[in-house]
Every structure is written in structure tokens, then in C-alpha cells.
Amino acid sequence: MNQIVYKDIVDKYKKKNKWLHNYLVSFISGGLIGAFSQIIYIVFIKFTNISSTNVKGIITLLLIGVTALLTALGIFDNLIKKFRSGLIIPTTGFAHSVTSSSIDFKKDGLITGLGSNFFHLAGSVILYSVVGSFILIILKVIISA
Amino acid sequence: MSILYAFLFSGFVCLIAEMIINHTKLTPGHVTSLFSLLGAVLAFFNVYNLFIKKCEMGAIVLISNFGNSLYESGLRGFNSNGFIGLFANMLEKSSLVLTSTIIFSFIFTCIFKPKD
């Protein structure tokens, strides 16, 4: 009896610690992505003549390219297991979902495999944000008219 | 100082996402769709602009910026060209994300073999 109660208590604390650990890891890793991009942004603005919109584009391109490369190499899945939401919520998560589904279905052929499953997971992101912003724009136009 | 703001903002958004994943039955797929939609909603209330002004890259690297840029370019298209402009310009700002994702993913998928 005592042992069962003890085990319950231990499990409770273990779960709690895991939550805390996950929170901390995703906060720090997500924050570091933002901070590093900001550092690169500042460096580019200070030492080059590229306009700020183009610098933002270059950094996004860099993030997506690195993510696609690491996902194709099979490294990024392990990173996501470790850093969790910190890598899912930035643009890296979008690039990862596209690359992982396309590389998973590559064996089924170029059209029926890779092509038709290319936006397998990222499709929902595109669909709902396009539909959502369409409705919101219509709403905004009606309100301001 | 802007580095600190960028760190705090993107970290905080990731923390909220992690809380949602841990405490509800929603999967990372749900959460990314939810956050990109949330970006459009925040743009609707003119809030996301403030985040970008204050945290710069911290707000731009997040998936929420996808919804925000869809909303902004769509609205700008509507204001300049009416209904046709809304349909024609919606993907203007997010074109970079979509195109680069497609191109990079396709190239690397063709080069590398899936790992089991």
C-alpha cells in the first residue's frame, strides 16, 4: 500500500519536472532563434548596404535552407524531439514539415508520392491562414465602410 | 536591447505553444495552424505591427508572421485594386517563404535518400 502511494507521488513529480523541462527548453530554444536572427539582422544592417526588407528575406531564406538540409539529412527530427516547440513554431517548423513529408513519400514515385504529398502536413497551415485572413479582410472592409 | 526583446518574444510564443501541446490533446500540426491563424487575427487588430516594430526579427521568424503577411498584403491589394487586388496580392509578402520552402525541399529531397 505504502509503496503504491509512494510510486504515485514519484510519478507526479516526475511528470511535473518533465513539463517544466519542456517549457524551459522550448522557451530558450525559441528565444535563441529569435535572438540569433536579430543579431544577424543587426550585423547585416551595420556592415552592408542591403535594405532592411531584403535582410529579413535573406535571414528567412537562411533558416528555411538550413532546416530543409538538416531534415533531408535526418538530423532535424532528433533536434525537434529535444527542443520541441522552440523549433516547431518558428518558420523552421513549416520547412521541416514540408521536407519531411516529401522525403518520406519519395519512394512512391515523383508524381503520386513526392508531388501529391508535398504539402501533406503544411497544407493545413496554408489553408487555414489563407481562409482566415480572407474572412478577416472582408470583415475589416465591412467594418471600415 | 532589441536582441533581448527578440529573445523574449519568440521564446514566450514558443512557451505558450508548448503549454498548449502539453495540456491539451492538440498536436504540433494543430498548434502551427492555430498560431498562423492567430497571426492574422493579431494583424486584424493592428497588434502584430507593434510586435514587429518592437521585437523585429523575433516576430518575423515565427509562423504567426505568415498569417500576418497574408492579411497585410491582401488588405493592401484590396485598398489599391478592389476585389481583384485582394485575390491577386494575397500571397505577395509570403511568396518568399512558400517559394523558398518548395525549392529547397525539392532540391534536398532529390539529393538525399530517406533515412530509416
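Before reading further, recall that the structure is shown in the block above.
Remember, predicted model here, so these are calculated numbers, not experimental data.

Procedures and definitions
Residues numbered from 1 in each chain as written. Chains lettered and ligands numbered in written order. Predicted model: local features only at pLDDT ≥ 70, side-chain atom pairs only at ≥ 80, totals over all residues. Heavy atoms only, no water. Helix = DSSP H or I, 4+ residues; strand = E, 2+ residues; numbered from the N terminus. Buried < 20%, exposed > 50% of the residue type's maximum accessible area, 1.4 Å probe, protein only. Polar contact = N/O pair within 3.5 Å; in protein donor to acceptor, adjacent residues only side chain to side chain. Contact = heavy atoms within 4.5 Å. Expected span 1.5 Å × (residues − 1). Axes fitted to C-alpha atoms, helices over the stretch in contact; angles between N-to-C directions. Parallel < 35°, antiparallel > 145°, perpendicular 65-115°, else oblique. Left-handed = near helix turned anticlockwise from the far one by under 90°. Salt bridge = Lys/Arg side-chain N within 4 Å of Asp/Glu carboxyl O.

Details of unusual backbone geometry
One non-glycine residue, B:N46, lies in positive phi territory at about 60°. With respect to the element layout, B:N46 can be found in the loop between α2 (28-44) and α3 (48-55).

Quick word on the side chain of A:S101
Residues and elements named next belong to chain A. Note on placement: S101 falls in helix α5 (residues 91-104). The exposure class of S101 is buried, given its relative accessible area of 3%. A polar contact of 3.3 Å, which involves the side chain of S101, links it to the backbone oxygen of N117. Once residues lying within four places of it in the same chain are set aside, the contact partners of S101 are N117, F118 and H120.

Side note on helix α2 (residues 52-73) of chain A
Residues and elements named next belong to chain A. For α2, which comprises 22 residues, the first-to-last C-alpha distance of 32 Å matches the rise-based estimate of 32 Å (1.5 Å per residue) to within 8%. Every buried residue belonging to α2 is among V55, G57, I59, T60, L63, I64, G65, T67, A68, T71 and A72, and all of these are buried. A positive backbone phi angle near 85° is found at G74, which sits one or two residues after α2.

Some points on the packing of helix α7 (residues 123-144) of chain A against helix α5 (residues 64-89) of chain B
Contact geometry for α7(A) and α5(B): axes closest at 9 Å, N-to-C directions at 50°. Classified by the angle between their axes, α7(A) and α5(B) sit oblique to one another. The hand of the α7(A)/α5(B) crossing is right-handed. Along its contact with α7(A), which presents A:V125, A:I126, A:S129, A:V130, A:S133, A:F134, A:L136, A:I137, A:I138, A:K140 and A:V141, the element α5(B) presents B:F66, B:G67, B:L70, B:Y71, B:G74, B:L75, B:F78, B:F83, B:L86 and B:F87.

What about the pattern of salt bridges?
Applying the stated criterion across every chain yields a total of two salt bridges over all chains. Residues A:R84 and B:E18 are paired through a salt bridge, measuring 2.8 Å at the closest nitrogen-oxygen approach. Placement of A:R84 in the loop between α3 (76-83) and α4 (85-88) and of B:E18 in helix α1 (residues 2-23) is noted, with the two residues assigned to different chains. Taking the relative accessible area as the measure of exposure, A:R84 reaches 25% and is therefore partly exposed. For B:E18, a relative accessible area of 0% translates into the label buried.

Notes on the environment of A:T92
All names here are of chain A. One can find T92 in helix α5. For T92, a relative accessible area of 4% translates into the label buried. Look past the residues within four positions of T92 in its chain and what remains in contact with it is I33, L63, T67, F76 and L87. Engagement of the side chain of T92 in a polar contact is seen with the backbone oxygen of L87, the distance being 2.7 Å.

So yeah, pure geometry; function would need other evidence.
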